[in-house]
Amino acid sequence: MSLSSPGVHLFYHSRWQDTRVLDELCWGLEEQGVPCKAISYDENESALALSKRAAKSSALRVGLGLSVTGDIALTHAQLPEDRALVCGHIAAGIEQVRTLGANAGQLVKVLPFSEIT
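Here is a short report on the structure shown in this document. The model shown is predicted, which means the values in this text are computed figures rather than measured ones.

About the cut-offs
Here the residue index of a chain counts from 1 through its sequence in written order. Whole-chain, interface and lining totals are the exception, using all residues; otherwise, since this is a predicted model, local features are given only for residues with pLDDT of at least 70 and side-chain atom pairs are given and counted only at 80 or more. Derived side-chain values reflect all non-hydrogen atoms in the structure, with water molecules and hydrogen atoms excluded from consideration. Helix and strand assignments come from DSSP, with helices taken as H or I runs of at least 4 residues and strands as E runs of at least 2, each series counted from the N terminus. Using C-alpha atoms as the atom set, the radius of gyration is obtained and then compared with a globule rule of 2.2 Å times the number of residues to the power 0.38. Relative accessibility under 20% of the residue-type maximum defines a buried residue, over 50% an exposed one, and the middle range a partly exposed one, all with a 1.4 Å probe and only protein chains included. Contacts were defined at the residue level, with two residues in contact if any of their heavy atoms lie within 4.5 Å. Note on areas: Shrake-Rupley with a 1.4 Å probe; residue coverage comes only from the protein chains shown. We score Asp and Glu as negative and Lys and Arg as positive, and we do not count His or the chain ends. Taken as the charge location is NZ of Lys, CZ of Arg, CG of Asp or CD of Glu. Any pair of N or O atoms that falls within 3.5 Å is considered a polar contact. Within protein, one atom must be able to donate a hydrogen and the other to accept it, and sequence-neighbouring residues count only if both atoms are side-chain atoms. By the convention used here, strands pair only if DSSP detects at least 2 bridges between them.

**Notes on the overall build of the protein chain**
Moving on, step 1. Looking only at helices and strands, one finds three helices and five strands in the protein chain.
Moving on, step 2. When the helices and strands of the protein chain are listed from N to C terminus, the series reads β-α-β-α-β-β-β-α.
Moving on, step 3. The globule rule puts the C-alpha radius of gyration for 117 residues at 13 Å, and the 12 Å found for the protein chain is close to it.
Moving on, step 4. Dimensions of the protein chain, computed from C-alpha atoms along their principal axes, come out at roughly 35 × 30 × 30 Å.
Moving on, step 5. Taken across its 117 residues, the protein chain has 44% of its residues classed as buried.
Moving on, step 6. Sequence-distant contacts, at least 24 apart, represent 59% of the contacts inside the protein chain between residues at least 6 apart.
Moving on, step 7. Per element, the accessible surface of the protein chain, about 6,100 Å² overall, is 52% carbon and sulfur.
Moving on, step 8. Charge centroids of the protein chain, computed over 10 positive and 13 negative side chains, lie 6 Å from each other.

Here is the structure:
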């Protein structure tokens, strides 16, 4: 059994290591007071597949995935394998990326999602 603190897991392709995109997702969670554990993956999996893995590995059952192509998915471990709660893309802008991170924290806290404009 792991004694690490619970948090939302963010699985991302290593292309995004040390980038603002990754920072913004984590900062969105931080704004909600929810810890983020970012884990790099080199496999070319979809954002949905990465988010599902992340959710299943998180004690909070919430996960974010950031694919090599810049797709982002937010999901919960109890959702069907082929479904995400919210999807986005880095091309939508930094503000929307940060909002996706905040929405992950709001899911944990059982609060309504912030609107992505």
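Let us keep going from here.
**Side note on unusual backbone geometry**
Moving on, step 1. Unlike most non-glycine residues, D18 shows phi in positive territory, near 60 degrees.
Moving on, step 2. Mapping D18 onto the fold places it in the loop between β1 (8-13) and α1 (20-31).
Moving on, step 3. Under the relative-accessibility criterion, D18 is labelled exposed at 69%.
Moving on, step 4. Positioned with a positive phi, V110 is a non-glycine residue whose angle comes to about 55 degrees.

**Side note on the side chain of T99**
Moving on, step 1. Relative to the helices and strands, T99 is located in helix α3 (residues 94-108).
Moving on, step 2. Exposure remark for T99: the relative accessible area of 15% places this residue in the buried category.
Moving on, step 3. A polar contact of 2.9 Å, which involves the side chain of T99, links it to the backbone oxygen of E95.

**A closer look at the pairing of strand β3 (residues 62-66)**
Moving on, step 1. Counting buried positions along β3 gives five out of five residues, so the element sits mostly inside the fold.
Moving on, step 2. Across the two faces of β3 the burial is the same, with V62, L64 and L66 and G63 and G65 all buried.
Moving on, step 3. With four bridges joining them, β1 and β3 adopt parallel strand pairing. Across the sheet, the residue bridging to Y12 is L66, located in β3.

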